[in-house]
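Listed below are the residues making up each chain.
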Amino acid sequence: MLTWRDSAISQGTKVHQQFRVAMPEPTNHLFEVTLDMTEVAVGSPLLLKMPVWTPGSYLVREYARHLQDFQAWDPRQECPLPWRKINKHTWQIETDALESGDPLKKIGGWLRVSYRVYAYELSVRTNHLEGTHGYFNGAALFLYTPAGLNHPYTLTIQPPYPDWQIATSLLKLSNSDETETFWAANYDELVDSPVEVGQHQRIDFQVLGKPHQWVVWGSGNLDSQQAVADTEKIITTTAALFDGLPYSHYLFLIHLSADGFGGLEHKNATTLNFSRLNFHDQDRYQRFLALVAHEFFHAWNVKRLRPVALETFDYEQENYVQSLWFCEGATSYYENLILLRSGLITFSKFLSLFSEAITRLQKLPGRHIQSLSESSFDTWIKLYRPHENTPNSQVSYYLKGSIVCALLDLHIRYLSQGSRSFDQVFQLLWQQFGRIEKGYTDQQLQQIFEQVAQSSLQDFFADYIYGTRELDYDHYLDPFGLRLVGKYSQNPPLPYLGLHLASDGSNKISHVDMGSPAQQAGIWAGDELLALNGFKVNPSHWLERLKDCAPQQAVSLSIFQQQELKTVWLPLGLPRADLYEIEDLPEISPEQAQLRQGWLGDPSTLLTL
Ligand SMILES: [Zn+2]
């Protein structure tokens, strides 16, 4: 079938916005960008803007801060055009001197803009250029005119050396000895298509009749053949859920870095950053596969199936959304479910990952303060900008979102006696919203859940998504013959103090639980822990020393606070559970076993078998 896009290209639709990206000296970390605009109205000031954020990463990053050497001119007359910045990310160009292609109508002006962008931040949502490769995200590189957002673009890329290859999910139009030219239907597609240029490993493979590419920059202990084989399973399993693949082709772009971790989703691609030597260890490799499954799942959830607030992106400011608990939380829940259904993790591994997530959440005092919908709405100022009080005041919509989505799945399975599940929620949402890329409202999202559950979920949403009520795990686990057991990670259990040392091995306190004995004694983040009961504290032996003390015993702690030596006395609290594990109930009925099998799909339904 010929798409609009194919026919537009084949009919030679004239493109009036043409980008060219060169990187003649990669070690200066500067991308050289040229934008040619034709059909410019003569006499009207032209505004060019740089996005302040990129979809998928909800933080204002001020990409314009890396732009330099801006110039504008009329190539026909080779004359510069006056311009000035009118705010942090907008350039205004005066076009009075522009020669018009059609003097009567004052249109058809040809305007060229050039600038350079400094690129030395290796992350999936920024730009990176150095001696071995160049990588860019369109939102961090390309200026746009508001009027041109919905019109097509061409992108010509000039690698610096003949042996540097180009990888992108954009459609290739042509190539010459020195350049390759690609096509984007509009600005959204242009910035949703990351580009990798350099020497990289590339594997082409087909799944369900569609071409996929696996491109790796960097070296490490990744076995790409094995990873591609496992990724094929992830693709097939996810496609089975949504009844097909929503794209014509897909690119997996992997950056092997020193100690990075992260992924960014796109409609027809994903960029994954993973620590280069972390592929041999089984748990870490499974973490990598979960990252692959997560970002790939986004090809549906959030890239095509989106909340109405993300239906049309506003690149100039924050786009407020209350339902990132669904976009990211459900995706995080399904990343492990997809691995389980693909045979890439066992069901006991799946449950242990679920238990670990619960342990992380239950350690956060902030779960009593911030709801999931608030976490989502405020992501622009909170989730991406953590500080020492974050554990006390926030929850992550990834973490709690994934747990709440798991409980929703269990609830629907229980209410329907195993005949329906979260899968049907996704299938209905896909049919009604995702397939046609119509945004859903928060009310419509809840209604779809209720339609599948065939029951009101008003209390569930009010308590767990819009409220901060403690999650009643056992209520939802019990019908599956499971329960949550709180345990102590240390033996004997640690008396409760509520201070946490930094993970860098120093004696710096990273954060203190609000309401804890440490906080009430005046200890806070940034203090240096020196001595317990008058004896020097060694961070590596700190917990052992604490075990020597009895709960409710008064102890002295010596600290440096703002470089001032202080000693405080405080009573230690009773031990608190700091490890949660999902376990079998002592007795499991056939109904419970059957429900569990429907969820986890494993015939050996008992954890203890
Ligand atoms: Zn995600």
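Here is what the cut-offs are and how they apply
Residues numbered from 1 in each chain as written. Predicted model: local features only at pLDDT ≥ 70, side-chain atom pairs only at ≥ 80, totals over all residues. Heavy atoms only, no water. Core = buried A, V, L, I, M, F, W, Y, C linked by side-chain atoms within 4.5 Å. Buried < 20%, exposed > 50% of the residue type's maximum accessible area, 1.4 Å probe, protein only. Helix = DSSP H or I, 4+ residues; strand = E, 2+ residues; numbered from the N terminus. Contact = heavy atoms within 4.5 Å. Expected span 1.5 Å × (residues − 1). Polar contact = N/O pair within 3.5 Å; in protein donor to acceptor, adjacent residues only side chain to side chain. Pairing = 2+ DSSP bridges. Donors = N, O, S within 2.8 Å, 3.2 Å for Na, K, Ca; no water. Axes fitted to C-alpha atoms, helices over the stretch in contact; angles between N-to-C directions. Salt bridge = Lys/Arg side-chain N within 4 Å of Asp/Glu carboxyl O. Disulfide = S-S within 2.5 Å. Parallel < 35°, antiparallel > 145°, perpendicular 65-115°, else oblique. Left-handed = near helix turned anticlockwise from the far one by under 90°. Arc of directions from axis to C-beta. pLDDT = per-residue confidence, 0-100.

A. The nonpolar core, seen in detail. Counting 155 residues, the largest nonpolar core has Trp214, Phe288, Trp325, Phe326, Phe449 and Trp599 as its most contacted members. Considering each element in turn, this core owes the most residues, 11 residues, to helix H5 (residues 324–341). With residues near it in sequence (within four places) discarded, Phe326 still touches Asn301, Leu305, Thr331, Phe422, Phe426, Leu429, Tyr440, Leu445 and Phe449. Val512, Trp542, Val555 and Val568 belong to the second-largest nonpolar core, a separate cluster that totals 19 residues.

B. Highlighting helix H4 (residues 282–297). Helix length check: H4 (16 residues) gives 22 Å between terminal C-alpha atoms against 22 Å at 1.5 Å per residue, within 8%. Counting buried residues along H4, 12 of its 16 residues qualify, which places the element largely inside the surrounding structure. Among the residues making up H4, those that are buried are Tyr285, Gln286, Phe288, Leu289, Ala290, Leu291, Val292, Ala293, His294, Glu295, Phe296 and Phe297. At the N-terminal boundary of H4, the capping side chain belongs to Asp281, with an oxygen 3.2 Å from the backbone nitrogen of Asp283.

C. Structural detail: the pairing of strand S1 (residues 17–22). Relative to strand S2 (residues 30–40), S1 runs antiparallel, the two sharing 6 bridges. Considered in S2, the bridge of Gln18 is made with Asp36. In this structure, S1 lies alongside strand S11 (residues 153–158), joined through 5 bridges in parallel fashion. By the bridge assignment for S11, Phe19 is matched with Leu155.

D. Focus on the coordination of the zinc ion. The coordination sphere of the zinc ion, as far as protein atoms go, consists of His294 (NE2), His298 (NE2) and Glu328 (OE), spread over 2.0 to 2.1 Å. All donor residues of the zinc ion come from one chain, and their arrangement in sequence is H-x3-H-x29-E. Linking His298 in the loop between H4 and H5 with Glu328 in helix H5, this pair joins segments that are 30 residues apart in sequence. Note on His298: relative accessible area 0%, which makes it buried.

E. Main features of the sheet that holds strand S12 (residues 165–168). The strand order across the open sheet built from 4 strands is S9-S10-S15-S12, with neighbouring strands paired in antiparallel fashion. The outermost strands of the open sheet, each flanked by one partner alone, are strand S9 (128–130) and S12. Strand-to-strand twist in this sheet, taken as the mean axis angle between neighbours without regard to direction, amounts to 10°. Here strand S10 (residues 133–136) runs beside strand S15 (residues 195–198); their pairing, made up of 4 bridges, is antiparallel. Considered in S15, the bridge of Phe136 is made with Val195.

F. The sheet that holds S11, seen in detail. Read across the open sheet, the 8 strands follow the order S5-S4-S8-S2-S1-S11-S14-S13; overall the sheet is mixed. Every interior strand has two partners, whereas the edge strands, strand S5 (79–80) and strand S13 (171–175), have only one. Here S13 pairs with strand S14 (residues 180–184) via 4 bridges, running antiparallel. Looking at the pairing, Asn175 lines up with Glu180 of S14.

G. Just unusual backbone geometry, in detail. Here the residue pair Asn491 and Pro492 is connected by a cis peptide bond, since its omega of -5° sits within 30 degrees of zero. Within the element layout of this structure, Pro492 appears in the loop between strand S21 (482–487) and strand S22 (499–501). Notably, Glu78 is not glycine yet its phi reads approximately 50°, a positive angle. Residue classification places Glu78 among the exposed positions, given a relative accessible area of 69%.

H. The arrangement of the pattern of salt bridges in detail. For the structure shown, the criterion picks out 20 salt bridges. The partner of Asp584 in a salt bridge is Arg596, with the nearest N and O atoms 2.8 Å apart. Note that Asp584 is positioned in strand S28 (residues 579–584) and Arg596 in helix H16 (residues 590–600), a separation of 12 residues in sequence. With respect to class, Asp584 is no different from Arg596; both count as buried. Overlapping salt bridges bring together Glu32, Asp69 and Arg116 as one network.

I. Fine view of the state of the cysteines. Scanning the model with the defined rule gives 0 disulfides in all. Note on Cys405: no disulfide assigned, nearest cysteine sulfur contributed by Cys327 at a separation of 9.9 Å. Classification of Cys405 by relative accessible area gives buried; the value is 0%.

J. Structural context of the packing of H5 against helix H9 (residues 399–415). Contact geometry of H5 with H9 gives a least axis separation of 7 Å together with a crossing angle of 70°. Taken together, the axes of H5 and H9 are roughly perpendicular relative to one another. The interaxial crossing formed by H5 with H9 has right-handed handedness. Of H9, the residues touching H5 (which contributes Trp325, Gly329, Ala330, Ser332, Tyr333, Leu337 and Arg341) are Gly401, Ser402, Cys405, Ala406, Leu408, Asp409 and Arg413.

K. Examining helix H12 (residues 458–465) more closely. Along H12, the residues that are buried comprise Phe460, Phe461, Tyr464 and Ile465. In a view along the axis of H12, the buried residues occupy a sector of 95°, so they form one face of it.

L. Seen up close, the confidence of the model for the protein. Summarising the model, the protein shows a mean pLDDT of 95, and 97% of its residues fall at 70 or more. The low-confidence segment residues 605–609 (pLDDT under 50) makes 17 contacts with residues lying over four places distant or belonging to another chain. The ipTM assigned to the predicted complex is 1.00, against a pTM of 0.96.

M. Summary view of the side chain of Thr181. Its place among the elements puts Thr181 in strand S14. The exposure class assigned to Thr181 is buried, which follows from its relative accessible area of 13%. There is a polar contact of 2.8 Å between the side chain of Thr181 and the side chain of Thr156. Discounting chain neighbours no more than four positions away, the residues touching Thr181 are Thr154, Leu155, Thr156, Leu171, Lys172, Leu173 and Ser174.

N. Layout of the environment of Gln446. Note that Gln446 resides in helix H11 (residues 442–453). In this structure the C-alpha to C-alpha distance between Gln446 and Pro80, which are 366 residues apart in sequence, comes to 56 Å. Residues within four places of Gln446 in sequence aside, it is in contact with Leu457, Gln458, Phe461 and Tyr466.

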